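A structural walkthrough
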Amino acid sequence: MQLIDGKATATAIKAQIAQQVSDIVANGGKQPHLAAVLVGHDGGSETYVKNKVIACEQCGFKSTLIRYEDDVTEEELLACVERLNNDADIDGFIVQLPLPRHIDEQKIIMAIDYRKDVDGFHPVNVGRMSIGLPCFISATPLGIITLLKFYGIETSGKKCVVLGRSNIVGKPMAQLMMQKQYGDATVTVCHSHSKELKKECLEADIIIAAIGQPDFVTADMVKEGAVIIDVGTTRVPDASRKSGFRLNGDVKFDEVAPKCSYITPVPGGVGPMTICSLMQNTLLAAKGIF
Ligand code: GUN
């Protein structure tokens, strides 16, 4: 069994990005600039955004953090998106999800100029991705594709099961794994209403677990030699930690790992790659892809 080190891979890729930025600036070009909009004080979102700002520094990007309280109105948020759309210095921006319930998330995503949508959530980017056109690809699926490539893991013609059908991970992941230029695999998507989910998993060469249920994938669901990618990051109470919680993956790591050829840990697997992919998208935005 080989552990897939997402942290080390992300560090190596961010160093390559920093080198490219340094070359761009040395040649008189503009420093890439990412903005992040954070609403409220959700612990997970605070951590993600803090780590995105740190990654910007590591890559030599400029970053701007815009904060709103939970009671921000949809109109105020739409006005903020409009300002960012029109700010020539900002190459790309994200609105951290989830948003408070009184705000229509889809309406906010639709308001983002797709040319600055480095999250790849706008329907134009989703549509372009699904037919293989240049676009911003959602950061977590892109990070997973990058990891598989980095480790030389063969995906072409393999059976891949994606657990979960979210717009952010499951759906784009299945699309990418299916496409010739990325995964080129035979893909099955399983979700909360799938029958014979265990049987599907047992036939899989690659399982990508993104359902947000801690320890959902157990050893009896995994074929000997399978590749396991764990996207789960559920906060579970842990009195032994200073924070009072730990991040738990969707895979029961201790019993599944011995059966695998490759497996990602939580933390230190997919998480750091997600942020790294956002940095790649921001560099692409600064260079101009459309
Ligand atoms: N919430 C959880 N993951 C993400 C992400 O990749 N982007 C944004 N904007 N919000 C998220």
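Residues numbered from 1 in each chain as written. Predicted model: local features only at pLDDT ≥ 70, side-chain atom pairs only at ≥ 80, totals over all residues. Heavy atoms only, no water.

1. Side note on the packing of aromatic side chains
- What the rule picks out here adds up to four aromatic pairs.
- For the pair Phe150 and Tyr151, a centre-to-centre distance of 6.3 Å together with 55° between the ring planes defines the contact as tilted.
- Plain terms: the ring middles of Tyr151 and Tyr262 are 6.4 Å apart, the flat faces sit at 75° to each other, and that makes the pair edge-to-face. Remark: Tyr262 occurs in strand S11 (residues 262–263) and Tyr151 occurs in the loop between helix H6 (139–150) and strand S5 (159–163); sequence separation between them is 111 residues. Taken individually, Tyr151 and Tyr262 each receive the classification buried, so the pair is uniform in this respect.
- Through successive ring pairs, a cluster of aromatic residues spans Tyr114, Phe136 and Phe290.
- Sitting over the face of the ring of Tyr114, Arg115 holds its NZ or CZ atom 5.8 Å from the ring centroid. (Phe/Tyr/Trp six-rings, centres within 6.5 Å; stacked < 30°, edge-to-face > 60°. Helix = DSSP H or I, 4+ residues; strand = E, 2+ residues; numbered from the N terminus. Buried < 20%, exposed > 50% of the residue type's maximum accessible area, 1.4 Å probe, protein only. Lys NZ or Arg CZ within 6 Å of the ring centre and 35° of its normal.)

2. Some remarks on the pairing of strand S7 (residues 206–209)
- Residues of S7 alternate between two faces, with Ile206 and Ile208 on one and Ile207 and Ala209 on the opposite face, all of them buried.
- As paired elements, S7 and strand S8 (residues 227–230) share four bridges and run parallel to each other. Paired with Ile206 across the two strands is Val227, which belongs to S8. (Pairing = 2+ DSSP bridges.)

3. Some remarks on the pattern of salt bridges
- Scanning the model with the defined rule gives 10 salt bridges in all.
- The shortest N-O distance in the salt bridge between Asp89 and Lys62 comes to 3.0 Å. With a gap of 27 residues between them, Asp89 in the loop between helix H3 (74–86) and strand S4 (92–95) and Lys62 in strand S3 (residues 62–68) connect regions that are remote in the sequence.
- Residue classification places Lys62 among the partly exposed residues on the basis of a relative accessible area of 37%. (Salt bridge = Lys/Arg side-chain N within 4 Å of Asp/Glu carboxyl O.)

4. Overview of the sheet that holds S4
- Spatially, three strands are ordered S3-S2-S4 in an open sheet, and the strand pairing comes out parallel. If you trace the sheet from one side to the other, it starts and ends with S3 and S4, each paired once. Each neighbouring strand pair of the sheet contributes to a mean axis angle of 15°, computed without reference to strand direction.
- Pairing between strand S2 (residues 33–39) and S4: four bridges, direction parallel. Its bridge partner lying in S4, Ala35 is registered against Phe93.
- With respect to the sheet, H3 is in contact with S2, S3 and S4, its orientation differing from that of S3 by roughly 165°. (Axes fitted to C-alpha atoms, helices over the stretch in contact; angles between N-to-C directions. Contact = heavy atoms within 4.5 Å.)

5. Some words on the nonpolar core
- Ranked by internal contacts, the top residues of the largest apolar core, which has 49 residues, are Ile17, Phe61, Ile144, Met177, Ile208, Ile229 and Met279.
- At eight residues, the largest contribution of residues to this core is made by helix H10 (residues 270–287).
- Excluding residues within four positions of it along the chain, Ile229 makes contact with Ile4, Ile144, Leu148, Ile207, Ile208, Ala209, Thr264 and Val270.
- In this structure, Val37, Tyr68, Ile103 and Ile109 belong to the second largest nonpolar core, which totals 19 residues. (Core = buried A, V, L, I, M, F, W, Y, C linked by side-chain atoms within 4.5 Å.)

6. Concerning the site of the ligand
- Taken together, the neighbourhood of the ligand is formed by Lys52, Val95, Gln96, Leu97, Asp119 and Phe121.
- A distance of 2.9 Å separates a nitrogen atom of the ligand from a polar atom in the backbone of Leu97.
- Interatomic distance of 2.6 Å between a side-chain N/O atom of Asp119 and a nitrogen atom of the ligand.
- For the ligand, whose free accessible area comes to 280 Å², the fraction covered by protein is 83%.
- Among the residues making up the shell around the ligand, the classes are represented as three nonpolar, one polar and two charged. (Near = heavy atom within 4 Å. Polar contact = N/O pair within 3.5 Å; in protein donor to acceptor, adjacent residues only side chain to side chain. Areas by Shrake-Rupley, 256 points an atom, 1.4 Å probe, with all protein chains shown as cover. Nonpolar A, V, L, I, M, F, W, Y, C, P; charged D, E, K, R; others polar.)

7. Remarks on unusual backbone geometry
- Across the junction of Leu97 and Pro98, the peptide omega takes the value 5°, indicating a cis bond.
- Tracing the chain through its elements places Pro98 in the loop between S4 and helix H4 (105–111).
- Cis geometry is found at the peptide bond from Val266 to Pro267, where omega equals 0°.
- Positive phi outside glycine occurs at Glu196, with the angle close to 55°.
- Mapped onto the secondary structure, Glu196 falls in the loop between strand S6 (186–190) and helix H8 (197–202).
- Glu196 gets classed as exposed once you look at its relative accessible area, which sits at 53%.

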